[in-house]
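Structure assessment
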Amino acid sequence: MRQLASLRASARSPLLQVLKTSVAAVSAWLLSNLLLQQPLPIFAAIAALLVVQPSVNQSLAKGIERSIGVILGVVIAYSAGLAFGNASWVVLAVIVVSLLVAWALKLTPGSSNQIPISAMLVLVIGAQTPEYSIERILETIIGAVAGLVINALIVPPVLVAPARLAVGRLEASVASSLQRLSAALRSPVDSSELELMMTAARELRPLQAKAAGELDRAEESLTFNPRGSRHTITIEQDRALLLRLSTLVTRTIGMTRAVRDNYDPALVEDATVSRIALELDRAAHDVRLMAGSVGGARQAGAPSEPAPITAEVPALTAPLVISSPNPRNWILVGSLLEDLRRVREEIIGGPDA
């Protein structure tokens, strides 16, 4: 059952993608019939099926891969057919030679697989003539162009919304972790709560990686996309926000670990620690405003969070200055102060901001 389950994707491809692939395959078939007078343009249909990808940029790359693979495969098959015919051993030998050629040229997996496939098809169903070989190459080019054009013209995907949502979730999670830290410094917590707080902080790393991956996918979806120019600034802003949030992720995890490892219930009675807790609340408030500071806007669907301390106004004060820390807590206090200073600098945009 596990093997059968692995055959299914976690989610269906968009129906629009299925329709675009169908239109591309039919268009490639009809164009090849019209231009090359081929009754069964299989190479054109296969090329169109492979070229329609989730983004225009991927379609272009797949079209180039497909074309290179077909050209090399046809040349190898034509040469082998002229020299040795199309016996079974020739087909097997051509497969091995095709794979070795792809390896020697350091081609991509797409091109490497396409070379032996094209060579086999030419040897098995084709004729060893220059005209036949050229027609197969032209078929492939027609199919690749059809797939690329259809993918570019029929609502090319723009994956900006998932990227904005992922960055917004990371932003909200960083703010929540800072608030949990503040709560632990205001009221005594037990070891289990400290571990839960540490676990939540560690989960910031996967959220950070997901946001970076979604931004990469969004940027790729905009490449060669006719609708891409209007979204470029948005992605640049979100990329800048992610860079700042990534620094905050490191600081937040560090502060959480320091509190967990050096926690003492008596911390809540330390006036300095209380002031640090207040600044952590203010930092959490200002993290939620960071998207606006780079021109972004919270994507609908991001996790809802508690209301900020104030209105849409930064709340961080000047860095705390402690002349004589409590000797019982000075290691933890010193660590938190340094990390809080760096958090403040990241939020406001630098030490001199």
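So, here's what we can say about the structure.

The rules behind the values
- Residues numbered from 1 in each chain as written.
- Predicted model: local features only at pLDDT ≥ 70, side-chain atom pairs only at ≥ 80, totals over all residues.
- Heavy atoms only, no water.
- Helix = DSSP H or I, 4+ residues; strand = E, 2+ residues; numbered from the N terminus.
- Buried < 20%, exposed > 50% of the residue type's maximum accessible area, 1.4 Å probe, protein only.
- Contact = heavy atoms within 4.5 Å.
- Expected span 1.5 Å × (residues − 1).
- Arc of directions from axis to C-beta.
- Salt bridge = Lys/Arg side-chain N within 4 Å of Asp/Glu carboxyl O.
- Core = buried A, V, L, I, M, F, W, Y, C linked by side-chain atoms within 4.5 Å.
- Polar contact = N/O pair within 3.5 Å; in protein donor to acceptor, adjacent residues only side chain to side chain.
- Patch = residues over 30% accessible without salt bridge, like charges linked within 9 Å, V, L, I, M, F, W, Y side chains within 5 Å.
- Areas by Shrake-Rupley, 256 points an atom, 1.4 Å probe, with all protein chains shown as cover.
- Axes fitted to C-alpha atoms, helices over the stretch in contact; angles between N-to-C directions.
- Parallel < 35°, antiparallel > 145°, perpendicular 65-115°, else oblique.
- Left-handed = near helix turned anticlockwise from the far one by under 90°.
- Nonpolar A, V, L, I, M, F, W, Y, C, P; charged D, E, K, R; others polar.

A tally of helices and strands in the chain yields 14 helices and zero strands. Along the chain, helices (α) and strands (β) appear in the sequence α-α-α-α-α-α-α-α-α-α-α-α-α-α when read from the amino end. Evaluated residue by residue, the chain yields a buried proportion of 43% over its 353 residues. Counting contacts in the chain only where the partners sit at least 6 residues apart, residues at least 24 apart contribute 83% of the total.

The terminal C-alpha atoms of helix α2 (residues 15-36) lie 31 Å apart, and with 22 residues this matches the ideal 32 Å at 1.5 Å per residue to within 8%. Burial in α2 covers these residues: Gln17, Lys20, Thr21, Ala24, Ala25, Ala28, Ser32 and Leu36. Viewed along the axis of α2, the buried residues span an arc of 135°, placing them on a single side of the element. In α2, the exposed positions that point more than 90 degrees away from the buried face belong to Leu15, Leu30 and Leu34.

Using the criterion set out here, one finds 15 salt bridges in the structure. A salt bridge links Asp238 to Arg164; the shortest N-O distance between them is 2.8 Å. Taken together, the residues span a long stretch of sequence, with Asp238 in helix α11 (residues 232-261) and Arg164 in helix α8 (residues 160-186) at a distance of 74 residues. Neither residue differs from the other here; Asp238 and Arg164 are each classed as buried. Close ionic contact of Glu195 with Arg260 constitutes a salt bridge, the shortest N to O distance being 3.8 Å. With Glu195 in helix α9 (residues 191-202) and Arg260 in helix α11, the pair connects residues that are 65 residues apart, well separated along the chain. Residue classification places Glu195 among the partly exposed residues on the basis of a relative accessible area of 39%. In this structure Arg260 comes out as partly exposed when scored by relative accessible area, which is 22%. Put simply, Glu338, Arg341, Arg342 and Glu345 are held in one network by salt bridges that share partners.

For the rest of this paragraph, the subject is the nonpolar core. Ranked by internal contacts, the top residues of the largest apolar core, which has 47 residues, are Leu185, Val259 and Val287. Mapped by element, the contributors of at least two residues to this core are α8, α9, α10 (204-222), α11, α12 (271-287) and α14 (330-348). Counting 16 residues, the second largest nonpolar core, distinct from the first, contains Ala80, Ala102, Val122 and Leu123.

On to the environment of Lys62. With respect to the element layout, Lys62 can be found in helix α4 (residues 56-84). Residue classification places Lys62 among the partly exposed residues on the basis of a relative accessible area of 27%. A sequence separation of 82 residues divides Lys62 from Ala144, and the C-alpha atoms of the two residues are 8.2 Å apart. Ignoring sequence-local partners within four residues, the contact set of Lys62 consists of Leu50, Val51 and Gln53.

Following the sequence through the fold, Ser177 ends up in helix α8. Here the side chain of Ser177 touches Arg180 through a polar contact of 3.2 Å, side chain to side chain. Not counting the four nearest positions on each side in its chain, Ser177 is found in contact with Ala200, Ala201, Leu204 and Thr252.

On to a nonpolar patch on the surface, then. Side chains of Ile134, Leu138, Ile141, Val145, Val149 and Leu153 sit close together on the surface and give an oily, nonpolar patch of about 520 Å² of accessible area. On the basis of relative accessibility, which here comes to 47%, the residue Val145 falls in the partly exposed class.

To continue, consider the packing of α2 against helix α3 (residues 42-51). For any two helices packed against each other, the geometry comes down to the angle between their axes and how far apart the axes lie. For the pair α2 and α3, the least separation of the axes is 8 Å and the interaxial angle reads 155°. Here α2 is positioned roughly antiparallel relative to α3, judged by the angle of their axes. At the point where α2 passes α3, the crossing takes the right-handed sense. From α2, Thr21, Ala24, Ala25, Ala28, Trp29 and Ser32 reach across to α3, where they touch Ile42, Ala44, Ala45, Ala48 and Leu49. Tallied by class, residues from the contact of α2 with α3 come to nine nonpolar, two polar and no charged.

Look at Lys106: it is not a glycine, yet its phi comes out positive at around 55°. The topology assignment puts Lys106 in the loop between α5 (88-105) and α6 (109-125).

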